Amino acid sequence: MAPQDKDTPPPLPEPLRVPVADSHTHLDMQETTVEEALAKAASVGVTTLVQVGCDVHGSRWAADTAAAHERVHAAVALHPNEAPRIVLGDPDGWSRQGARDAGGDAALDDALGEIDALAARPEVRGVGETGLDYFRTGPEGAAAQQRSFRAHIEIAKRHGKALVIHDREAHDDVLRILREEGAPDRVVFHCYSGDAAMAKTCAEAGYFMSFAGNVTFKNAGPLRGALAVAPPELVLVETDAPFLTPAPYRGRANAPYLIPHTLRAMAEVKGMTEDALALAIAENTARAFDY
């Protein structure tokens, strides 16, 4: 692929016959208006989007966007990587907010209070993405992540909202903390990244597993193994756009309208027809996020 193609949006895929939802997207990070993104997605059968916040500002934007658009639902949270930045500081300004000083536990409590208030709003259907990420945050940030995760579990339960989990290289601790705190009624593992054994554990607990464009990557054998054993009634599809663009467009910016590529690859892995999987996913997403 020529370098200039990286900036060219992939073409519209063949539309799905059965409409589905993108269970996890970040419209605020995409080079588009909400209206354009919704219209493009709807034109290929992706009629509902869950807009996910990663910090206080993004969560507020998600709730306001969902309030303004009937086909958008919001999830609000502090991303696992955001919690250590609030507590320990972010001298490099990595999270698009500029350099920040260490705020300590008090600053984390203030931010969690904001998320709690947003979680009460009716257009907010999920508390997430929360969880643990040991890939980008070292051991020094683990305590802040775990404290934040426990607080989000409590917020989700109190408001009766779905818990949307970001789990990167932290499977055992995520599952342990869910057991210790008592999981909410509805739990979604966003961008599911575990293996088949973990998929069975999640299925036994009734947790939803949402698969993203990386399930189409050549090296994603273990992920496809997990999808193969995940019960059809617990499977969701997502973009995590603008990240994780499905093959054959890996490397370009992702968007909700590319869901059909991922869904078709998933149907092949599950030995299901595209329509049967789409129908299951549409019902599962509505059940997961209670809309």
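Look up a bit, the structure's there.
Quick caveat, the model's predicted, so the values are computed rather than measured.

Asks: Residue-level account of the packing of helix H8 (residues 221–229) against helix H9 (residues 259–270), with values.
Replies: Remark: H8 packs on H9, axes separated minimally by 9 Å, with the N-to-C direction vectors making an angle of 70 degrees. Here H8 lies roughly perpendicular to H9, going by the angle between them. In the crossing of H8 with H9, the sense of the turn from one axis to the other is right-handed. Of H9, the residues touching H8 (which contributes Arg224, Leu227, Ala228 and Val229) are Met266, Val269 and Lys270. Along the lines of polarity and charge, the residues of the contact of H8 with H9 split into five nonpolar, no polar and two charged.

Asks: Explain the pattern of salt bridges to me, using residue names and the numbers behind them.
Replies: All chains considered together, the criterion is met by 15 salt bridges. Note that Arg176 is salt-bridged to Asp173, the shortest N-O span being 3.5 Å. Residue Arg176 and its partner Asp173 are both found in helix H6 (residues 171–181); the two are separated by three residues, about one turn of the helix. Assessed through its relative accessible area of 25%, Arg176 is described here as partly exposed. Using a relative accessible area of 22% as the deciding quantity, one classes Asp173 as partly exposed. Between Arg176 and Glu180 there is a salt bridge, with the nearest N and O atoms lying 3.1 Å from each other.

Asks: Hey, could you go over the nonpolar core for me, with residue numbers and the actual values?
Replies: Proteins that are soluble and globular tend to have nonpolar side chains buried together. Among the nonpolar cores identified, the biggest contains 82 residues, and Phe149, Leu163, Leu178, Phe189, Tyr192, Phe211 and Met266 are the most heavily contacted of them. Per element, the largest residue contribution to this core is six residues, and it comes from helix H4 (residues 104–119).

Asks: Help me get a handle on the packing of aromatic side chains, residues and values and all.
Replies: Scanning all chains against the criterion turns up two aromatic pairs. Considering the side-chain rings of Phe189 and Tyr207, the 5.8 Å spacing of their centres and the 35 degrees angle between planes classify their relative orientation as tilted. With Phe189 in strand S6 (residues 187–189) and Tyr207 in the loop between helix H7 (196–205) and strand S7 (208–211), the pair connects residues that are 18 residues apart, well separated along the chain. The exposure class of Phe189 is buried, given its relative accessible area of 1%. Judged by relative accessible area, which is 9%, Tyr207 ranks as buried. Centroid distance Tyr192 to Phe211: 5.5 Å. Interplanar angle 50 degrees. Geometry classified as tilted. One end of the pair, Tyr192, is in the loop between S6 and H7; the other, Phe211, is in strand S7, with 19 residues separating them in the sequence. According to the relative accessible area criterion, Tyr192 is buried, its value standing at 1%. According to the relative accessible area criterion, Phe211 is buried, its value standing at 1%. One residue, Arg168, lies across the ring of Phe135, its end atom 3.6 Å from the ring centre.

Asks: I'd like to hear about unusual backbone geometry, residue by residue, with values.
Replies: A cis amide bond, omega 15 degrees, links Ala241 with the succeeding residue Pro242. Across the junction of Ala247 and Pro248, the peptide omega takes the value 5 degrees, indicating a cis bond. In this fold, Pro248 is placed in the loop between strand S8 (235–237) and H9. In this structure, Cys191 is a non-glycine residue whose phi angle is positive, near 45 degrees. Of note, Asp290 is a non-glycine position whose phi angle comes to about 55 degrees, a positive value. Within the element layout of this structure, Asp290 appears in the segment after helix H10 (274–289).

The rules behind these values
- Residues numbered from 1 in each chain as written.
- Predicted model: local features only at pLDDT ≥ 70, side-chain atom pairs only at ≥ 80, totals over all residues.
- Heavy atoms only, no water.
- Axes fitted to C-alpha atoms, helices over the stretch in contact; angles between N-to-C directions.
- Helix = DSSP H or I, 4+ residues; strand = E, 2+ residues; numbered from the N terminus.
- Parallel < 35°, antiparallel > 145°, perpendicular 65-115°, else oblique.
- Left-handed = near helix turned anticlockwise from the far one by under 90°.
- Contact = heavy atoms within 4.5 Å.
- Nonpolar A, V, L, I, M, F, W, Y, C, P; charged D, E, K, R; others polar.
- Salt bridge = Lys/Arg side-chain N within 4 Å of Asp/Glu carboxyl O.
- Buried < 20%, exposed > 50% of the residue type's maximum accessible area, 1.4 Å probe, protein only.
- Core = buried A, V, L, I, M, F, W, Y, C linked by side-chain atoms within 4.5 Å.
- Phe/Tyr/Trp six-rings, centres within 6.5 Å; stacked < 30°, edge-to-face > 60°.
- Lys NZ or Arg CZ within 6 Å of the ring centre and 35° of its normal.

Functional significance is not addressed by these values, which are geometric in nature.
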